[in-house]
Amino acid sequence: MKRLGIVYHPDYLLHVPPFEHPESPERLQAVMERLEKAKLLEKTAQITPEFADEGDVLAVHDRKYLDQLEKACRRGDMTLDAGDTYLCRHSYNISLLSAGGAIAGAKAVAEGSLDRVFCAIRPPGHHASRDVGMGFCLLNNVAVAAKYLQARFDVGKILIVDWDVHHGNGTQSVFLEDPSVFFFSVHEHPTFIYPGTGRRWEIGKGKGEGATLNAPMAPGSGDDEYRVVFDQVLTPAVERFRPEFVLVSAGFDAHADDPLADIRLSYEGYRYMTRAVIGLAERFCGGKLVSVLEGGYEISSLTNCIEIHVREMLEE
Amino acid sequence: MFVARRMQKNPVTMSPATSLYEAQEMMRARRILQIPVTSEDGRLVGILSDRDIRGTVLPVGMIPGFTAEEAEKFLKNTPVERVMTRKVITATLTDTLEDAIGLLLNYKINSLPVVDDENRVVGIISRTNVLEAFIEVTGMGVVSSRLDVVVPDKPGALAQLVGIISSFQVNITSVLTTGHLESGAMTNFLRIATLNVGPIRKAIEEAGFELLDPSKFLSR
Ligand SMILES: [Zn+2]
């Protein structure tokens, strides 16, 4: 059995939508209830995160954006700009706690006190770029964790695998010109779904050319198509890149039952992807793996997927 | 939309006396395939394409004794006016983008010089510029989701659809409409500025419209 950590904080439920919205506190509540009921909490270490240090967040986001976000929450704005990314009075603080959750997970694994960590955090992060939040995301949790590992633990090369059904456009933009972070995103084809980026010719820029890899999937794709991508596209790329740490932007909205997309992964598909990233972490990174929750909006498939994801990482 | 909005302004031009060698170098340096030829007062007198040059010089090695040096000498000594196309298909400033597309397609050419009333070259519009315009029309690259909706081919159908979307306070970033597979129906392709398409999809279906399942079209 692996030493697995679960990052969670009850205050994650304080980021509350002012209108009906799929990214709700109930998602995380249901996830934690499931982990408890499945007796997975007792087999894992509970990590209670703290707010991310401003310095660690500023490694990814602009000061101006943070100020803007904080002010908007204090003013009582309901959304960021005109979009569907909602805010409440606590949202700024909870987004710092969410980024802090990804940091806490990264820290525990980097220090060696745990083998792997799953971060049950919200709001999600992978659509947030340096100077703008969007797509339900305020701060880019996984990007903050990657920069934190490089700054505080001297980790060189990091692999980020983003299997949320939407393209991780925020994460891609943060590391587009950075050769030290390999960003891989597999998602529904951008012609059919938000945010409309992540085409196969988006491969990074300047020094970062070749360190971004996108696998757009036709609507209706499922386990078989994803398996081919993991085995024949991701694995050879990782063999060339040789990362020292693996971070996962784990969205569970690619499951067939999720209403926001047209990808038809089954539970076995999620099991396969989890085993694939574990395998890559074992081969190249001494097993160092941190998975960070992104999307997933249909409660039943979300909780089932996460139970499988966590069990696979635990290796009971 | 008039061609002026999409053309490249101040395009490279050259005089009829320019050598083919120079013209070839200009094309290589600027990665272009055609150069309009103008008289001293800027009036269009012809156009030279890379194909015109290739048609003039046989590949080195085809004729015994015709060396690379000789080919270069020939190109340096031949002015473009000897091989350029004199009857140029052009667009005018009052032509629209549709006119330009029609001309490019009908004459199977890559680009059109755009001329003013005095036949002076003021721009050039290429197939690439048309593709760029098309990309903008599709809304590609703008952060948004897409909905493909089949609507009956009758007045008010699109308005009803737009009404549903606007009731969710969501912005529409682009709309494309084409005929559907069967007659009497149209397909509307809308890009909308939200990730949260679930409730909107549901409302559209409840209003009696058919949402296209893109995966069904993969095998057609
Ligand atoms: Zn997502």
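Residues numbered from 1 in each chain as written. Chains lettered and ligands numbered in written order. Predicted model: local features only at pLDDT ≥ 70, side-chain atom pairs only at ≥ 80, totals over all residues. Heavy atoms only, no water.

Enquirer: Which parts of the structure should I look at to understand the sheet that holds strand 2 (residues 45–47) of chain A?
Expert: All names here are of chain A. Read from one edge of the open sheet, eight strands run 2-1-3-8-7-4-5-6, paired in parallel fashion. Looking at which strands have only one partner, the edges of the open sheet turn out to be strand 2 and strand 6 (212–217). On average, each strand axis in the sheet is inclined to that of its neighbour by 15°, with strand direction left out of account. Across five bridges, strand 7 (residues 245–250) lies against strand 8 (residues 289–293) in parallel orientation. By the bridge assignment for strand 8, valine 248 is matched with serine 291. Contacts from helix 4 (residues 91–111) reach strand 1 (4–7), strand 2, strand 3 (116–119), strand 7 and strand 8, with the element oriented near 175° to strand 3. (Pairing = 2+ DSSP bridges. Helix = DSSP H or I, 4+ residues; strand = E, 2+ residues; numbered from the N terminus. Axes fitted to C-alpha atoms, helices over the stretch in contact; angles between N-to-C directions. Contact = heavy atoms within 4.5 Å.)

Enquirer: Before we go on, may I ask you to explain the interface of chain B and chain A in this structure?
Expert: How big an interface is tends to be reported as the loss of accessible area on association of its parts. Between chain B and chain A, the contact holds 18 residues from the first and 25 residues from the second. Around 1,700 Å² of area is buried between chain B and chain A when both sides are counted, 57% of it from carbon and sulfur atoms. Linking arginine 264 of chain A and aspartate 213 of chain B is a salt bridge whose minimum nitrogen-to-oxygen distance equals 3.4 Å. Counting every contact that joins chain B to chain A gives nine residue pairs in polar contact (both at pLDDT 80 or more). Among the secondary structure elements, those contributing two or more residues to the side of chain B that touches chain A are strand 7 (145–152) and helix 8 (198–206) of chain B. Of the residues contributing to the side of chain B that touches chain A, the split by class is seven nonpolar, seven polar and four charged. (Buried area = accessible area lost by both parts, 1.4 Å probe. Salt bridge = Lys/Arg side-chain N within 4 Å of Asp/Glu carboxyl O. Polar contact = N/O pair within 3.5 Å; in protein donor to acceptor, adjacent residues only side chain to side chain. Nonpolar A, V, L, I, M, F, W, Y, C, P; charged D, E, K, R; others polar.)

Enquirer: Looking at this structure, I do not really get the environment of alanine 151 of chain A. What am I missing?
Expert: Note that alanine 151 of chain A resides in helix 5 (residues 141–152). Residues alanine 151 of chain A and proline 17 of chain A lie 134 residues apart in sequence; the distance between their C-alpha atoms is 34 Å.

Enquirer: What should I look at first to understand the pairing of strand 1 of chain A in this one?
Expert: Each regular strand displays side chains that alternate between the two surfaces of the sheet. Residue and element names in this part refer to chain A. Neither face of strand 1 is open: one carries Leu4 and Ile6, the other Gly5 and Val7, and all of them are buried. As defined by bridge partners, strand 1 adjoins strand 3 across four bridges and the pair is classed as parallel. Across the sheet, the residue bridging to leucine 4 is arginine 116, located in strand 3. Handedness of the crossover joining strand 1 and strand 2 through helix 1 (residues 25–37) is recorded here as right-handed. (Buried < 20%, exposed > 50% of the residue type's maximum accessible area, 1.4 Å probe, protein only. Right-handed = clockwise from strand over helix to strand, strands pointing away.)

Enquirer: Would you take a moment to explain the pattern of salt bridges for this structure?
Expert: Once their charged atoms are close, side chains differing in charge can pair, the charge on each being opposite to the other. All names here are of chain A. Applying the stated criterion across every chain, the model contains 33 salt bridges over all chains. Residue arginine 3 is joined to aspartate 115 by a salt bridge in which the shortest nitrogen-to-oxygen separation is 3.0 Å. In this pair, arginine 3 sits in the segment before strand 1 while aspartate 115 sits in the loop between helix 4 and strand 3, placing the two residues 112 residues apart along the sequence. Taking relative accessible area as the criterion, arginine 3 reaches 42% and is therefore assigned partly exposed. Residue arginine 75 is joined to aspartate 77 by a salt bridge in which the shortest nitrogen-to-oxygen separation is 2.8 Å.

Enquirer: Any chance you could explain the coordination of the zinc ion here in plain terms?
Expert: Note on metal geometry: ideal angles are 109.5 degrees for four donors arranged tetrahedrally and 90 or 180 degrees for six donors arranged octahedrally. All names here are of chain A. Only Asp164 (OD), Asp164 (OD), His166 (ND1) and Asp253 (OD) from the protein coordinate the zinc ion, and they sit 1.9 to 2.7 Å from it. Around the zinc ion sit four donor atoms; with metal-centred angles ranging over 53 to 153°, the donor geometry is irregular. Counting residues between consecutive donors of the zinc ion along the chain gives the motif D-x1-H-x86-D. One end of the pair, histidine 166, is in the loop between strand 4 (158–162) and helix 6 (169–175); the other, aspartate 253, is in the loop between strand 7 and helix 8 (267–284), and 87 residues separate them in sequence. (Donors = N, O, S within 2.8 Å, 3.2 Å for Na, K, Ca; no water. Tetrahedral: all angles 85-135°; square planar, octahedral: opposite > 155°, others 65-115°.)

Enquirer: When you look at helix 5 of chain A in this model, what are you seeing that I'm missing?
Expert: Each α-helix turn comprises 3.6 residues. Residues three or four places apart therefore point the same way. Residues and elements named next belong to chain A. For helix 5, with twelve residues, the first-to-last C-alpha span of 16 Å sits near the 16 Å given by 1.5 Å per residue. Most of helix 5 is tucked away, with nine of its twelve residues classed as buried. Here helix 5 has its buried residues at Asn141, Val142, Ala143, Val144, Ala145, Ala146, Tyr148, Leu149 and Gln150. Backbone geometry just downstream of helix 5 places aspartate 154 in the positive-phi region, at approximately 55°. (Expected span 1.5 Å × (residues − 1).)

Enquirer: Can you help me understand the packing of aromatic side chains in this one?
Expert: Any two aromatic rings considered together are summarised by their centre-to-centre distance and by the angle between their planes. All names here are of chain A. As enumerated under the stated definition, the model contains seven aromatic pairs over all chains in all. Taking the centre distance of 5.1 Å and the plane angle of 40° together, the rings of phenylalanine 252 and tyrosine 270 count as tilted. Taken together, the residues phenylalanine 252 in the loop between strand 7 and helix 8 and tyrosine 270 in helix 8 connect sequence positions 18 residues apart. Taken together through their ring pairs, the aromatic side chains of Trp163, Phe252 and Tyr270 make up a single cluster. We note lysine 157 situated over the ring of phenylalanine 241; from NZ or CZ to the ring centre the distance is 5.1 Å. The ring of tyrosine 272 has arginine 227 sitting right over it, with the charged end atom 5.2 Å from the ring centre. (Phe/Tyr/Trp six-rings, centres within 6.5 Å; stacked < 30°, edge-to-face > 60°. Lys NZ or Arg CZ within 6 Å of the ring centre and 35° of its normal.)

Enquirer: In this structure, what is going on with the side chain of serine 144 of chain B? I would like to understand it.
Expert: Along the polypeptide, serine 144 of chain B turns up in the loop between helix 6 (127–138) and strand 7. What makes serine 144 of chain B buried here is its relative accessible area of 0%. Once you skip the residues sitting within four places of it in the chain, serine 144 of chain B turns out to touch Ile193, Tyr194, Pro195 and Gly196 of chain A together with Gly139, Thr173, Arg191, Ile192 and Ala193 of chain B.

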